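So you can see what is in the structure, the chains are spelled out below.
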Amino acid sequence: DESFETVNYTFTLQNNNIKAQRANGEYTLYKMYEDPNIYCLPQEHEICQQFDWGVNRTLCENAINGAWSNKGKCYNTPQERCAASETGATWQTTGDGGYCGYYNTNEVNAGEFEKCSPHYNNACHKSTFTGEGSQCIGAAGWLYKSCQYSQFNQGAECKNTAGGEGSCSYNIFTTNSTCYSARNESCSYSTFTSGSKCIAGETGWTCKTVTLSDGGVCISSEQYGGCRKPTVKAGGKCIANHVDSCISEQGTGGGSAATYEPGSYCVGNAENSCKGFKNFKATCVANAEGACAGNTYTGAGCCSGQYCPEGAPKCNS
């Protein structure tokens, strides 16, 4: 863009318009190349009231390079959009401090180092996050049910670290992506595959009712458990770092809510974990005393690790 200054204005020749910004910053005029009208921001300024407003989305995108609040106004800078935001929803893009003012942050498509940081409930749904540094962060205040019904690929992250009960749930995680869970029901009812992980957090009800397959892993907290009621398919792994993790909702391994299919793993890293399963068809890994105790096995089900109870069928034996 080419710019030049006068006593009262700075003129800039942009792709679709001539921009004239008042030296004191009070207002900005726009003259579209193929439009006889002059447009003015902010709309409520007394000078701007002399000009034809005629606001529409195309005008906003052309006149100020896509700065659009979705509320019938245009803003010159990301900072103005933040100040004018009626919802508080934040859409952060690469190399920018934050693009605010979007009424609806759902159905976004975030690439590497792009973030969706919702500041209201039910935001950042039905979105796609792909690449390292791509994040959906349901952590500002108590953001119930944000960052849901989305897909995370190639190292992307869904982070529920401070609040947001139910956030980061009902998602699909692939290719080394991660869900970090802190509150009840967060990261739950999601599917993990291809090296993706669900990392349970501060309560026993995080990463609950997940489906793990083909390299998907659920890692429980050492203090609070989590990863309850999993469905673990071939190649999936539930890692029990707490006695109440990787089991059914009732707190025993034999409950029908915890499902381990042939080719899957329950890894008992905590004392007395991964125990009490009936007709276990998968691999139980006994890495702690009492792990895999009381299980009965069927089909290809077997026990591995140094703490396998006496009489349990050993894997690869």
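Structure: above.
These notes cover the structure that comes with them. (Residues numbered from 1 in each chain as written. Predicted model: local features only at pLDDT ≥ 70, side-chain atom pairs only at ≥ 80, totals over all residues. Heavy atoms only, no water.)

Secondary structure assignment for the protein chain yields two helices and 25 strands. The 317 residues of the protein chain split such that 47% are buried. Counting contacts in the protein chain only where the partners sit at least 6 residues apart, residues at least 24 apart contribute 17% of the total. About 14,700 Å² of surface is accessible on the protein chain, with carbon and sulfur atoms providing 44% of the total. (Helix = DSSP H or I, 4+ residues; strand = E, 2+ residues; numbered from the N terminus. Buried < 20%, exposed > 50% of the residue type's maximum accessible area, 1.4 Å probe, protein only. Contact = heavy atoms within 4.5 Å. Areas by Shrake-Rupley, 256 points an atom, 1.4 Å probe, with all protein chains shown as cover.)

Another point: unusual backbone geometry. The backbone of Tyr189 shows a phi angle near 55°, a positive value even though the residue is not glycine. Here Tyr189 is to be found in the loop between β15 (178-180) and β16 (191-192). We classify Tyr189 as partly exposed; its relative accessible area is 31%. The phi angle at Asn279 is positive, at roughly 55°, despite the residue not being glycine. Considering the arrangement of structural elements, one finds Asn279 in the loop between β23 (265-268) and β24 (283-286).

Turning next to the sheet that holds strand β20 (residues 231-232). Paired through backbone hydrogen bonds, the strands of a sheet run either parallel or antiparallel to each other. Sheet architecture is open: eight strands sit in the order β8-β10-β12-β14-β16-β18-β20-β22, paired in parallel fashion. Pairing within the sheet leaves two strands with one partner each, and these edge strands are β8 (109-110) and β22 (259-260). As paired elements, β8 and strand β10 (residues 128-130) share two bridges and run parallel to each other. Across the sheet, residue Asn109 finds its bridge partner in β10, namely Thr128. (Pairing = 2+ DSSP bridges.)

A few words now on the packing of aromatic side chains. Taken as a whole and assessed by the stated rule, the structure comprises 12 aromatic pairs. Ring geometry for Phe173 against Phe192: centres 4.6 Å apart, planes inclined by 5°, an arrangement best described as stacked. Note that Phe173 is positioned in strand β14 (residues 172-173) and Phe192 in strand β16, a separation of 19 residues in sequence. A single burial state applies to Phe173 and to Phe192, both of which are buried. Seen in terms of ring centroids, Tyr260 and Phe280 are 5.3 Å apart; in terms of plane orientation they differ by 50°. Their pairing is tilted. Residue Tyr260 is located in strand β22, and its partner Phe280 is located in the loop between β23 and β24; the two are separated by 20 residues in the primary sequence. You'll find Tyr260 and Phe280 in the same group, each marked buried. (Phe/Tyr/Trp six-rings, centres within 6.5 Å; stacked < 30°, edge-to-face > 60°.)

Turning our attention to the environment of Tyr30. For Tyr30, the position within the fold is in strand β4 (residues 28-32). For Tyr30 and Ile18, which are 12 residues apart along the polypeptide, the C-alpha to C-alpha distance reads 5.7 Å.

So, about the state of the cysteines. Evaluated as defined, the whole model comprises 10 disulfides. Here Cys136 engages in a disulfide with Cys147; their sulfurs sit 2.1 Å apart. Its S-S torsion of about -85° marks the bond between Cys136 and Cys147 as left-handed, since a negative value means left-handed. Within this pair, whereas Cys136 is found in strand β11 (residues 135-137), its partner Cys147 is found in the loop between β11 and β12 (151-153), the two being separated by 11 residues in sequence. An identical accessibility class is assigned to Cys136 and Cys147; each is buried. Paired by a disulfide, Cys198 and Cys207 hold their sulfur atoms 2.0 Å apart. Judged by the sign of its S-S torsion, about -105°, the bond between Cys198 and Cys207 is left-handed. Taking the relative accessible area as the measure of exposure, Cys198 reaches 0% and is therefore buried. Classification of Cys207 as buried rests on a relative accessible area of 0%. (Disulfide = S-S within 2.5 Å.)

Take the side chain of Ser150 next. Take Ser150: it is sitting in the loop between β11 and β12. A polar atom in the side chain of Ser150 sits 3.0 Å from the backbone nitrogen of Ser127. Residues contacting Ser150, with those up to four places away along its chain left out, are Cys124, His125, Lys126, Ser127, Phe129, Tyr170, Asn171 and Ile172. (Polar contact = N/O pair within 3.5 Å; in protein donor to acceptor, adjacent residues only side chain to side chain.)

It is worth spelling out the pattern of salt bridges at this point. With the rule as written, the count across this model stands at three salt bridges. Between Lys208 and Glu185 there is a salt bridge whose closest N-O contact spans 3.2 Å. Here the residue Lys208 occupies a position in the loop between β17 (197-199) and β18 (211-212), and Glu185 occupies one in the loop between β15 and β16, the gap between them amounting to 23 residues. For Glu185, a relative accessible area of 23% gives the class partly exposed. (Salt bridge = Lys/Arg side-chain N within 4 Å of Asp/Glu carboxyl O.)

This paragraph deals with the pairing of β23. Inspection of the sheet shows strand β21 (residues 237-240) paired to β23 by four bridges, in the parallel sense. Residue Cys238 lies in a different strand from β23, and its bridge partner there is Cys266. In the sheet, β23 pairs with β24 via four bridges, with the strands oriented parallel. Looking across to β24, one finds that Gly268 is bridged to Ala286.

Note that all results are geometric; they support no functional claim without further evidence.
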